[in-house]
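Letter by letter, the chains look like this.
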Amino acid sequence: MGFFERASNGWQIAQNSFKVLKENKQLILFPVLSGISLLLIVVSFSTAVLGNSGWEVDNIGDTGQVIGYVILFLYYLVNYFVVVFFNTALTYCTGLYFRGEEVTVKKGIAFSVSRIGVIFSWAVFAATVGTILRLIQENVGFLGKILTGIVGVVFSVATFFVVPVLTYENLGPIAAFKRSAALMKQKWGESVGAGFTFFLIEIVAILAIAIPAFLIGSLINPFFGIAVGVLGFSLLMAVMSAVRSIFISAVYHNITGDPVENYNQKFVDGLFTGK
């Protein structure tokens, strides 16, 4: 299958993902809540680190290497937990929609709470991997940066289906990682061709936001222009995050033998390049 045909198939599924979000606008609340939570986490960690350094930025590096990596691990842990918690809620609600059931934010949050142990276990696993990669990157030099970059990409691809696996299958973190990697390898191989479509949509959307924001800032008021830009980019990030989660959930349903409406199997198969 050629590149342009794969791009066309990706575009078709992307359109269907946007359609699901359009019919269930409340799903956008999950990435919004996730983003707000992550912002609060960054502020909390920054405040704690600054406080520990006597509120002097120059003293931040004096906390010690071990303590620094502990803080980094905790930061990764909380981040992964928050992201997966809300993505699990969104994925569950997407499944409800596919089955023709009522979709509510309350149902999604309640489900994630019921899976909180599994989500936390995955966050510990992912944070451990992230911390180890960071440690190697900072202590092995140029070769370490190349190695961790490759491993990071492989880990990202292998965990493509982790959230729906954690949502629908009773597996621990390592088993979920293996299951997600097996789904990728078994059906299509390692190369993903769908990202181009979302990338193209994001570029167009960024231009659609940046140009008006710049004109408003230049012609009316700089602060008003910045506000429009920040609001627009925040909304774009929330929409694209929700659409990607819907997309992953839909593809998961297809490859596990549970085809969903509006997601033709031919289009799903065309999103990935065979080995």
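Quick caveat, the model's predicted, so the values are computed rather than measured. (Residues numbered from 1 in each chain as written. Predicted model: local features only at pLDDT ≥ 70, side-chain atom pairs only at ≥ 80, totals over all residues. Heavy atoms only, no water.)

1. Description of the nonpolar core
Ranked by internal contacts, the top residues of the largest apolar core, which has 57 residues, are Leu21, Phe30, Phe161 and Tyr263. Counting 6 residues, the second-largest nonpolar core is a separate cluster that includes Tyr69, Leu72, Tyr76 and Leu77. (Core = buried A, V, L, I, M, F, W, Y, C linked by side-chain atoms within 4.5 Å. Buried < 20%, exposed > 50% of the residue type's maximum accessible area, 1.4 Å probe, protein only.)

2. Some thoughts on helix 10 (residues 222-255)
The terminal C-alpha atoms of helix 10, which comprises 34 residues, lie 49 Å apart, in line with the 50 Å expected from a rise of 1.5 Å per residue. Regarding helix 10, its N-cap is Asn221, as a side-chain oxygen of that residue lies 2.8 Å from the backbone nitrogen of Phe223 further along. (Helix = DSSP H or I, 4+ residues; strand = E, 2+ residues; numbered from the N terminus. Expected span 1.5 Å × (residues − 1). Polar contact = N/O pair within 3.5 Å; in protein donor to acceptor, adjacent residues only side chain to side chain.)

3. Here's the deal with the side chain of Thr167
In this structure, Thr167 sits in helix 7 (residues 162-168). A relative accessible area of 5% places Thr167 in the buried class. The residues touching Thr167, leaving out its near neighbours within four places in the chain, are Thr88, Thr91, Tyr92, Phe111 and Arg115. (Contact = heavy atoms within 4.5 Å.)

4. Let's talk about the packing of aromatic side chains
Applying the stated criterion across every chain, the model contains 15 aromatic pairs. Pairing Tyr75 with Tyr76 gives two aromatic rings, centres 6.5 Å apart and planes at 45°, and the pair type is tilted. With 4.1 Å between their ring centres and 0° between their planes, Tyr92 and Phe111 make a pair best called stacked. Within this pair, whereas Tyr92 is found in helix 3 (residues 65-98), its partner Phe111 is found in helix 4 (residues 105-114), the two being separated by 19 residues in sequence. Within the aromatic cluster, the residues linked to one another by ring pairs are Phe81, Phe85, Phe86 and Phe120. (Phe/Tyr/Trp six-rings, centres within 6.5 Å; stacked < 30°, edge-to-face > 60°.)

5. Description of the pattern of salt bridges
Considering all chains together, one arrives at 4 salt bridges under this definition. Among the ionic pairs, Glu138 bridges to Arg134, the shortest N-O distance being 2.7 Å. Highlighted residues: Glu138 and Arg134, both in helix 5 (residues 116-139), separated by 4 residues, approximately one helical turn. The class for Glu138 is partly exposed, based on a relative accessible area of 45%. (Salt bridge = Lys/Arg side-chain N within 4 Å of Asp/Glu carboxyl O.)

6. Some remarks on the confidence of the model for the protein chain
Of the residues in the protein chain, 82% have a pLDDT of 70 or more, and the chain-wide mean is 83. Helix 4 holds the highest mean pLDDT among the elements of the protein chain, 95, whereas strand 1 (residues 191-192) holds the lowest, 49. (pLDDT = per-residue confidence, 0-100.)

7. Concerning the environment of Gly144
Along the polypeptide, Gly144 turns up in helix 6 (residues 142-158). Residue classification places Gly144 among the buried positions, given a relative accessible area of 0%. Separated by 10 residues in sequence, Gly144 and Arg134 have C-alpha atoms that sit 9.3 Å apart. Excluding residues within four positions of it along the chain, Gly144 makes contact with Ile136 and Gln137.

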